[in-house]
Amino acid sequence: MLMIPGPTPVPEKVLLALAKHPIGHRSREFSDLQGEITARLKWLHQTQNDVLILAASGTGAMEAGIINFLSPGDRVLVGCNGKFGERWAAVCQAYSLQVETITAEWGKPLDPQQFQATLEADRDRAIKAVIVTHSETSTGVLNDLAAISQFVKAHEKALLIVDAVTSLGATNVPMDAWGIDVIASGSQKGFMIPPGLGFVAVSPKAWEAYKTATLPRFYLDLGKYRKDAAKNTTPFTPPVNLFFALQVALQMMQAEGLDAIFQRHDRLMRATQAAVQALGLPLFAAPGAGSPAITAVAPTQVEAEQVRATMKKHYDIVLAGGQDHLKGKIFRIGHLGFVAERDILAAIAALEASLVELGYSGFTAGAGVAAAASIFAKG
Ligand SMILES: *Cc1c(COP(=O)(O)O)cnc(C)c1O
């Protein structure tokens, strides 16, 4: 039972779709498939913009989101409050952009006012892009993208480039309403399919920037994908079986409905948070800033790595550990994608049992399950 923030659990219907014989990607059948998928991806992104599909992991989509729209030496403002914000900065540095960061302590959300101040101070409109991780997976923090997007809109010049890898399909990311120019995501997160596909959604404003952007690009040249997408095909051989899987997964998501998906993730988050607190374990994310995809826990009286090891060994439930300086300090419970209330109840019950096994006595037996159950009872 995978409860890590990617790869996430895959529904059986989707697994069965993967087991089909591949089809030729220059066939009518494939074009029909891509046409359907593209329409559904637009629905998921709440956009009329292009949504392009890459054979890449999420980081490939992020890199595509930089190299297609910027030029060496361009000044960019990057939000950094965790591992993935730092990855954005590293990608930008690799391509010789002039990186300025807005930071927050890991576990705290980025402060939108700092974006406002920096963008307003940029009187000659030199900042070419504001680059933000929406759900910071390394810490379980959701940044206030709606607020930040308002300040980018007011600046008018800068593009808003967003890593929505663990927010898309978990919480509201209305691309058009918030004026997001580029959204990067990956298949093994909210999409409920295995790793292997990256997605990049691109606004008309970003396509304008594409025309003059001079960073080198070839495989990830989104212009090629856009041109071919108009004919419902791809420039290079796509992982066709992942397309079969994606078709089924997106059908499932659309049948559930966006609001229902967001509410489900919100319930899973609140139940997990309540359960963890009822067990006397501190939450790592600042109050109110938790991600609907992942809950990070910073235990003080038990070893995070021992909790993970016991959960795995005894209950076959896989939790994520901490990254970088948080290694051994936190464990993370993923509740993204194909996750139901039952899964949370099972995970919390197993967590309680693991804590008992590790000799931790900071809670009344059943307190975690009761806390989660009470959230689910209220709906
Ligand atoms: C998983 C993830 C990525 C992408 O990682 P890949 O391993 O390249 O797929 C990027 N950003 C965030 C926030 C993620 O959670």
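Values in this document were obtained by computation on a predicted structure and should not be read as measured data.

**Quick look at the domain arrangement of the protein**
Part 1: Splitting the protein by domain gives domain 1 (11–255) and domain 2 (258–378).
Part 2: In this complex, domain 1 contributes 28 residues to the contact, which on the side of domain 2 involves 23 residues.
Part 3: A combined buried area of about 2,100 Å² lies between domain 1 and domain 2, and 68% of that area is made up of carbon and sulfur atoms.
Part 4: Of all residues in domain 1, the largest losses of buried area upon contact with domain 2 belong to W106, G140 and A170, amounting jointly to 24% of the total for that side.
Part 5: Counting across the domain 1 and domain 2 interface gives one salt bridge.
Part 6: Note that D324 is salt-bridged to K83, the shortest N-O span being 3.1 Å.
Part 7: The interface formed by domain 1 and domain 2 holds six residue pairs in polar contact (both at pLDDT 80 or more) in total.
Part 8: Among the secondary structure elements, those contributing two or more residues to the side of domain 1 that touches domain 2 are α2 (28–45), α4 (83–94), β7 (141–142) and α10 (240–256).
Part 9: When residues of the side of domain 1 that touches domain 2 are assigned to their parent elements, the largest contribution, three residues, is made by α4.
Part 10: Looking at the side of domain 1 that touches domain 2 residue by residue, the classes come out as twelve nonpolar, twelve polar and four charged.

**Quick notes on the site of the ligand**
Part 1: Residues in close proximity to the ligand total 14 residues, the closest being S57, T59, T137, D163 and K189.
Part 2: Contact between the ligand and G58: an oxygen atom at 2.9 Å from a main-chain N or O atom of the residue.
Part 3: Between D163 and the ligand, the recorded distance is 2.5 Å, taken from a side-chain N or O atom to a nitrogen atom.
Part 4: When the free accessible area of the ligand is taken as 390 Å², the share hidden by the protein chains comes to 87%.
Part 5: Looking at the shell around the ligand, the elements with two or more residues in it are α3 (58–67) and α4.
Part 6: Considering every element that reaches the shell around the ligand, the biggest residue donor is α3, with three residues.
Part 7: Here the shell around the ligand is composed, by residue class, of three nonpolar, eight polar and three charged.

**Considerations on the pairing of strand β13 (residues 331–334)**
Part 1: Burial along β13 is two-sided: the residues F331 and I333 and R332 and G334 are all buried.
Part 2: With two bridges connecting them, strand β12 (residues 318–321) and β13 associate as antiparallel partners. In the strand pairing of β13, A320 is matched with R332.

**Some thoughts on unusual backbone geometry**
Part 1: Across the junction of G6 and P7, the peptide omega takes the value -5 degrees, indicating a cis bond.
Part 2: Even without being glycine, Q46 reaches a positive phi, approximately 50 degrees.
Part 3: Relative to the assigned elements, Q46 resides in the loop between α2 and β2 (50–55).
Part 4: What makes Q46 partly exposed here is its relative accessible area of 27%.
Part 5: We note that R125 has phi near 55 degrees; this positive angle belongs to a residue other than glycine.
Part 6: Looking at where R125 falls in the secondary structure, it is placed in the loop between α5 (112–121) and β5 (127–133).

**Thoughts on the sheet that holds strand β4 (residues 98–103)**
Part 1: Read from one edge of the open sheet, seven strands run β2-β10-β9-β8-β5-β3-β4, paired in mixed fashion. Sheet topology places β2 and β4 at the edges, where each strand pairs with a single neighbour. On average, adjacent strands in this sheet sit at an angle of 20 degrees to one another, irrespective of strand direction.
Part 2: With respect to the sheet, α3 is in contact with β2, β5, β8 (159–163), β9 (182–186) and β10 (197–202), its orientation differing from that of β9 by roughly 165 degrees.

**Notes on empty space enclosed by the protein**
Part 1: On inspection of all chains with the given rule, the structure shows two cavities of 30 Å³ or more.
Part 2: Each pocket or cavity is described by its volume, and for the largest cavity that value is around 60 Å³.
Part 3: The wall of the largest cavity is formed by I53, L54, A55, Y219, Y225, T234, P235, F236, T237, P238 and F243.
Part 4: Of all the elements, β2 adds the most residues to the lining of the largest cavity, at three residues.
Part 5: Of the residues assigned to the lining of the largest cavity, the class counts are nine nonpolar, two polar and no charged.
Part 6: Taken as a whole, the second largest cavity holds about 40 Å³ of empty space.

**With respect to the pairing of β12**
Part 1: Sheet topology places strand β1 (residues 2–3) next to β12; two bridges connect them, and they run parallel. Bridging from a neighbouring strand, M3 pairs with L319 of β12.

**What about the side chain of E136?**
Part 1: Within the fold, E136 resides in strand β6 (residues 135–136).
Part 2: Within the buried set, E136 has no salt-bridge partner at all; the shortest N-O distance to an opposite charge, 6.9 Å, is to R332.
Part 3: Of note is the side chain of E136, whose polar atom sits 2.9 Å from the backbone nitrogen of G85.
Part 4: A polar contact is formed between the side chain of E136 and the side chain of S138, at a distance of 2.6 Å.

**Some thoughts on α10**
Part 1: Taking 1.5 Å as the rise per residue, α10 with 17 residues should run 24 Å; its terminal C-alpha atoms sit 25 Å apart, in good agreement.
Part 2: Of all 17 residues in α10, twelve are buried, a share of seventy percent or more.
Part 3: Backbone geometry just after α10 places G257 at a positive phi near 100 degrees.

Conventions and cut-offs
- Residues numbered from 1 in each chain as written.
- Predicted model: local features only at pLDDT ≥ 70, side-chain atom pairs only at ≥ 80, totals over all residues.
- Heavy atoms only, no water.
- Domains from an automatic or database assignment.
- Contact = heavy atoms within 4.5 Å.
- Buried area = accessible area lost by both parts, 1.4 Å probe.
- Salt bridge = Lys/Arg side-chain N within 4 Å of Asp/Glu carboxyl O.
- Polar contact = N/O pair within 3.5 Å; in protein donor to acceptor, adjacent residues only side chain to side chain.
- Helix = DSSP H or I, 4+ residues; strand = E, 2+ residues; numbered from the N terminus.
- Nonpolar A, V, L, I, M, F, W, Y, C, P; charged D, E, K, R; others polar.
- Near = heavy atom within 4 Å.
- Areas by Shrake-Rupley, 256 points an atom, 1.4 Å probe, with all protein chains shown as cover.
- Buried < 20%, exposed > 50% of the residue type's maximum accessible area, 1.4 Å probe, protein only.
- Pairing = 2+ DSSP bridges.
- Axes fitted to C-alpha atoms, helices over the stretch in contact; angles between N-to-C directions.
- 1 Å grid on protein atoms, 1.4 Å probe; cavity = no way out; pocket = protein on both sides within 12 Å on 5 of 7 lines; lining within 4 Å.
- Points joined across faces, edges and corners; volume = space filled by probe spheres on them.
- Lys, Arg positive; Asp, Glu negative; His and termini not counted.
- Expected span 1.5 Å × (residues − 1).

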